[in-house]
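Survey of secondary and tertiary structure
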Amino acid sequence: MAIFSVYVVNKAGGLIYQLDHHAPRADTEKTFSFPLDLVLRPHDERVVVAFGQRDGIRVGHAVLAINGAEVNGRLTADGKDVMEYLSNPANYPVSIRFGRHRLSSNEKLMLASMFHSLFAIGSQLSPEVGSSGIEMLETNTFKLHCFQTLTGIKFMVLADPRQAGIDALLRKIYEIYSDFALKNPFYSLEMPIRCELFDQNLKLALEAAEKAGPFGPGS
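Rules behind the numbers
- Residues numbered from 1 in each chain as written.
- Predicted model: local features only at pLDDT ≥ 70, side-chain atom pairs only at ≥ 80, totals over all residues.
- Heavy atoms only, no water.
- Patch = residues over 30% accessible without salt bridge, like charges linked within 9 Å, V, L, I, M, F, W, Y side chains within 5 Å.
- Areas by Shrake-Rupley, 256 points an atom, 1.4 Å probe, with all protein chains shown as cover.
- Salt bridge = Lys/Arg side-chain N within 4 Å of Asp/Glu carboxyl O.
- Helix = DSSP H or I, 4+ residues; strand = E, 2+ residues; numbered from the N terminus.
- Buried < 20%, exposed > 50% of the residue type's maximum accessible area, 1.4 Å probe, protein only.
- Pairing = 2+ DSSP bridges.
- Axes fitted to C-alpha atoms, helices over the stretch in contact; angles between N-to-C directions.
- Parallel < 35°, antiparallel > 145°, perpendicular 65-115°, else oblique.
- Left-handed = near helix turned anticlockwise from the far one by under 90°.
- Contact = heavy atoms within 4.5 Å.
- Nonpolar A, V, L, I, M, F, W, Y, C, P; charged D, E, K, R; others polar.

A contiguous nonpolar patch, built from Met110, Leu111 and Met114 and spanning about 280 Å² of accessible area, is present on the exposed surface. Position of Met110 relative to the elements: it lies in helix H2 (residues 105-125). Assessed through its relative accessible area of 48%, Met110 is described here as partly exposed.

If you want it as structure tokens, here you go:
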């Protein structure tokens, strides 16, 4: 079982805290000869696989490294265009590492804001008055669980679909937030959470939840 990440979103939809707790790695590194038997294309400031799948490399995977050196978006470590570099036969054989693109800070901010809007839409779509909004979204690889407090703060946990005890964990995170963020005299409401004790206790709670399944007695 695994808990992938935690997001805390304020009542205005701004991301005030994010932690990547367990990021499954599915990187694949292969040595290729010319011509490359995968079709690549630039997409959102990175180079991704557009066509062709082999040996764990999937459509949508991004080029993460060339010959062991991390790429920077569409550029190699020494500043060359990735597409141009890979189109030159003189650069082969070449080792390329592919994998899922890591979300940038700006992308995480944008996604948190989008979920805030979806949460509000979910409340409005309800046939009954006083809907709680979206509490869980499920895919084949993860579940997104959301707990909104009476003051509008949203705590979101992304976890393995088989992970148990998330409802209790969300309330435990709220308890940690109340004890180590709200009671911190240097913390301002609605602002990003930068508190070492909050970080430490949150990580301990996540580790305990992963080991025990349900979090705490009776959960």
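Of all five residues in strand E6 (residues 62-66), five are buried; the element is thus mostly enclosed. Taken together, the two bridges between E6 and strand E7 (residues 69-70) define a ladder with antiparallel strand orientation. Note that in E7 the partner of Ala65 across the bridge is Glu70. Where E6 folds back on E7, the antiparallel hairpin that results is connected by two residues, among which Asn67 adopts a positive phi of roughly 55 degrees.

The next subject is the packing of helix H3 (residues 166-182) against helix H4 (residues 196-212). At a minimum axis distance of 10 Å, the contact between H3 and H4 shows a crossing angle of 165 degrees. In terms of their interaxial angle, H3 and H4 are classed as roughly antiparallel. In this structure, H3 crosses over H4, and the sense of that crossing is right-handed. Taken together, the residues of H4 that come into contact with H3 (itself represented by Leu169, Lys172, Ile173, Ile176, Tyr177 and Phe180) are Leu197, Phe198, Asn201, Leu202, Ala205, Leu206 and Ala209. Residues belonging to the contact of H3 with H4 are distributed by class as follows: 11 nonpolar, one polar and one charged.

Coordinates in, geometry out; function isn't part of it.
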